[in-house]
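An overview of the molecular structure
Okay, here's what each chain looks like letter by letter:
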Amino acid sequence: MRFLALVFCAMLATTASAEPPVPSISLTGQGSVTVVPDMATISIGVETADKTAGEALAANTEQAGAVIAALKDAGLDAKDIRTSNFSIQPVYNDRKSISSGAPRITGYRVFNNVTARIRALDGLGKVLDRVVSTGANRIGGISFGLAEDGDARDEARRLAVADARRKAELYADAAGVTLGPILSISEAGGNFGPRPMAQFEMARASAPVPVEAGSAAITAQVSISWQISGP
């Protein structure tokens, strides 16, 4: 009996594998929504150097502390300020200037980078001016975004599905077939972009640094497969 059951199962598997594939059509759709950013993220750094690691670290700690205090004084919440990178690196002498011998450590350099989120864009220029004047000497850049982008992303997804269906209907009509039920749907990576980047000098300005957030696009991309029928 067990042998007969195994034979029966094997026959079913062979029959299933022999079934022809379901005719289908697969298309990718993209949706985009233009938005006005309401927040900015800035990367602020303090770099110090001295003959000993302790001296370089002490100077960096003082400057970085002043920068963080300036951010809080500007109204930033503590949860919007975080250390993103910290390192101590040796500084070597120039090997080309030495006729022989191994490189020699001549000092140390300390880096402390902080990422801050600015939720009031109208005060962004003043914040930049304040952190530079209190010791920040490395600004990695500024990126703009939305504090809450769920609704905009959902709208982009709806537009992406509509775009994919429009293409599918176009191809189906041209091929003389009819769209059937959806067989699969998947979302590819969307994005928020472009993010305008602000450039400014690392010196104290006589007026707040001018920064324009501009606009950006939130995009979504989906891949959908439909069953088709026809001649």
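Everything that follows concerns the structure shown earlier in this document.
Here goes a summary of the coordinates provided. This structure is a prediction, so every number in the text was calculated from the model and none was measured.

The next thing to look at is the sheet that holds strand 5 (residues 138-145). The strand order 3-4-2-5 describes an open sheet built from four strands, whose pairing is antiparallel. Each of the sheet's edge strands pairs with one partner strand only, and the pair in question is strand 3 (81-92) and strand 5. The sheet shows a mean angle of 15° between the axes of neighbouring strands, taken without regard to direction. As defined by bridge partners, strand 3 adjoins strand 4 (residues 105-118) across 11 bridges and the pair is classed as antiparallel. When the sheet's bridge partners are listed, Tyr92 is paired in strand 4 with Ile105.

This paragraph deals with the environment of Gly31. Tracing the backbone shows Gly31 in strand 1 (residues 24-35). For Gly31, a relative accessible area of 3% corresponds to the buried category. Expressed as a C-alpha distance, the spacing of Gly31 and Ala217, which sit 186 residues apart in the sequence, is 9.8 Å. Aside from chain neighbours lying at most four places away, what touches Gly31 is Ala156, Leu159, Ala160, Ile218, Thr219 and Ala220.

Next up on the list: helix 4 (residues 150-175). Between its first and last C-alpha, helix 4 extends 38 Å over 26 residues, near the 38 Å set by a 1.5 Å rise per residue. Residues Ala152, Ala156, Ala160, Asp163, Ala164, Ala168 and Ala172 constitute the buried set of helix 4. Looking one or two places after helix 4, you find Gly176, whose phi comes out positive at around 75°.

Counting residues in hydrophobic clusters, the biggest one holds 21 residues, and the most contacted among them are Ile42, Ile44, Leu71, Leu124 and Val131. Elements that contribute at least two residues to this core include exactly strand 2 (39-50), helix 2 (53-73), strand 4, helix 3 (124-133) and strand 5. Looking at which element gives the most residues to this core, the answer is helix 3, with five residues. In contact with Val131, other than residues within four places in its own chain, are Ile44, Val67, Leu71 and Ala136. In terms of nonpolar packing, the next biggest core, distinct from the first, is built from 16 residues, Leu146, Ala164, Ile218 and Val222 among them.

Where burial is concerned, most of helix 3 is hidden: seven out of the 10 residues are buried. Leu124, Gly125, Val127, Leu128, Asp129, Val131 and Val132 are the residues of helix 3 that are buried. Where the residues of helix 3 are buried, they touch strand 2, helix 2, strand 4 and strand 5. Within two residues after helix 3, Gly135 carries a phi angle of roughly 130°, on the positive side.

Each value, and the rule that gives it
Residues numbered from 1 in each chain as written. Predicted model: local features only at pLDDT ≥ 70, side-chain atom pairs only at ≥ 80, totals over all residues. Heavy atoms only, no water. Pairing = 2+ DSSP bridges. Helix = DSSP H or I, 4+ residues; strand = E, 2+ residues; numbered from the N terminus. Axes fitted to C-alpha atoms, helices over the stretch in contact; angles between N-to-C directions. Buried < 20%, exposed > 50% of the residue type's maximum accessible area, 1.4 Å probe, protein only. Contact = heavy atoms within 4.5 Å. Expected span 1.5 Å × (residues − 1). Core = buried A, V, L, I, M, F, W, Y, C linked by side-chain atoms within 4.5 Å.

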